[in-house]
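Analysis of the macromolecular model
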Amino acid sequence: MIAEIQIQELFKKYPKGTEALKGVSLEIQKGQFFTLLGPNGAGKSTLVQILTTLINKDSGSFSIAGLNPEANQSRIQKMIGVASQDNEIDPTEKVENLLVFQCRLFGLTKPEASKRANELTQLFELDKERSKKAGALSGGNKRRLHCALALVHRPRILFLDEPTVGMDPVARANFWEVITQLNTQEPVTVFLTTQYLDEADKHATEMALIIAGEIKYSGTIIGFKKMVNPNGVMSLDDSYLQFVKTVSNPETSKN
Ligand SMILES: Nc1ncnc2c1ncn2[C@@H]1O[C@H](COP(=O)(O)OP(=O)(O)O)[C@@H](O)[C@H]1O
Ligand SMILES: [Mg+2]
């Protein structure tokens, strides 16, 4: 059976010459909680933007829910939700209105849109913020609004690009409760990028590690930890640090 997200040999070079992706291939199965890890500038956001049809690839191919994006862009956009730091929202508009507009954009009627906006403000504990302008929200609440906006149409695949930056511990816990519930109940396939490896370890089961546009590992998180340190149990944080050191400096790390 074809994977929910199937990626073959994707290449992307930006006009100024940065080769952001150098032949990325990955498979993410339906219902998986997948995390893409890697240092800043590794190519994570570039991959997310290509998969969500925001920017074009140079070569290679991918499919989303078995659909070819070239022929099915609008169908794919209805199936996916995207929350990223670069999402543009009108800072002068009220939280509540932004949610209702987004619902209307996806074809909900006015009563449906206001019901869904209510559900999402409750789900993400944005009740107190609903009449505030988006520009007046704290960083963490803005992140939560991005996620709420990404979920208005109940997407079957959710892309989260560093979603929890700026959230306090309580907001973070609430956020993951919502996301893990969607992942286990619906089930929504989750594609997460994060620099918080404890979050990835806690919530994801599958991972890939990308460095300078190349996939250096893909498989289960447990498998990654075992590969780095077959004898002991290390945190994902420690395993990641050890692995990245080895990859970037293979000679000195041999022992
Ligand atoms: N719009 C752009 N124009 C030129 N270079 C870019 C652009 N976006 C990203 N890059 C470059 O591509 C590489 C990958 O970036 P990015 O995908 O944002 O990495 P990550 O999300 O892993 O931090 C980096 O070297 C970055 O500077
Ligand atoms: Mg990024």
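Here's a quick rundown of the structure. What you see is a predicted model, and the numbers here were worked out from it, not measured in a lab. (Residues numbered from 1 in each chain as written. Chains lettered and ligands numbered in written order. Predicted model: local features only at pLDDT ≥ 70, side-chain atom pairs only at ≥ 80, totals over all residues. Heavy atoms only, no water.)

1. Quick notes on the environment of Asp-58
Positionally, Asp-58 belongs in the loop between helix H1 (44-51) and strand E4 (59-64). Judged by relative accessible area, Asp-58 falls into the partly exposed class, the value being 45%. Those residues within four positions of Asp-58 in sequence are excluded, and the remaining contacts are Phe-11, Lys-12 and Lys-13. At 2.6 Å, the side chain of Asp-58 and the backbone nitrogen of Lys-13 are in polar contact. (Helix = DSSP H or I, 4+ residues; strand = E, 2+ residues; numbered from the N terminus. Buried < 20%, exposed > 50% of the residue type's maximum accessible area, 1.4 Å probe, protein only. Contact = heavy atoms within 4.5 Å. Polar contact = N/O pair within 3.5 Å; in protein donor to acceptor, adjacent residues only side chain to side chain.)

2. Some details on the sheet that holds strand E7 (residues 189-193)
Strand order across the open sheet formed by 6 strands is E5-E6-E7-E3-E8-E9, with mixed pairing between neighbours. The sheet is open, and its two edges are formed by strand E5 (80-84) and strand E9 (214-220), each paired on a single side. If you compare each strand with its neighbour and ignore which way they point, the axes differ by 15° on average. As defined by bridge partners, strand E8 (residues 206-211) adjoins E9 across 6 bridges and the pair is classed as antiparallel. Looking at E9, one finds that Ile-210 is bridged to Ile-215. Contacts between H1 and the sheet are confined to strand E3 (33-37), E5, strand E6 (157-161), E7 and E8, with E7 contributing the most and set at about 145° to the helix. Relative to the sheet, helix H5 (residues 139-150) contacts E5 and E6, its axis offset from that of E5 by approximately 170°. (Pairing = 2+ DSSP bridges. Axes fitted to C-alpha atoms, helices over the stretch in contact; angles between N-to-C directions.)

3. A few points about the sheet that holds E4
Strand pairing in a sheet is mediated by backbone hydrogen bonds. Such pairs are either parallel or antiparallel. Taking strand neighbours across the sheet as the criterion, the 3 strands line up as E2-E1-E4 in an open arrangement whose pairing is antiparallel. Here the strands that pair on one side only, and so sit at the sheet edges, are strand E2 (19-28) and E4. Along the sheet, successive strands turn relative to each other by an average axial angle of 15°, direction set aside. Relative to E4, strand E1 (residues 5-13) runs antiparallel, the two sharing 5 bridges. Across the sheet, the residue bridging to Ile-5 is Ile-64, located in E4.

4. Structural notes on the site of ligand 1
Close to ligand 1 lie Tyr-14, Thr-18, Ala-20, Pro-39, Asn-40, Gly-41, Ala-42, Gly-43, Lys-44, Ser-45 and Thr-46, which account for all nearby residues. Take Lys-44: an N or O atom from its side chain is 2.8 Å from an oxygen atom of ligand 1. Between ligand 1 and the protein, one listed contact pairs an oxygen atom with a backbone N or O atom of Ser-45 at 2.9 Å. About the coverage of ligand 1: the protein hides 61% of its 550 Å² of free accessible area. The element that contributes the greatest number of residues to the shell around ligand 1 is H1, accounting for 3 residues. Of the residues in the shell around ligand 1, the class split is 4 nonpolar, 6 polar and 1 charged. (Near = heavy atom within 4 Å. Areas by Shrake-Rupley, 256 points an atom, 1.4 Å probe, with all protein chains shown as cover. Nonpolar A, V, L, I, M, F, W, Y, C, P; charged D, E, K, R; others polar.)

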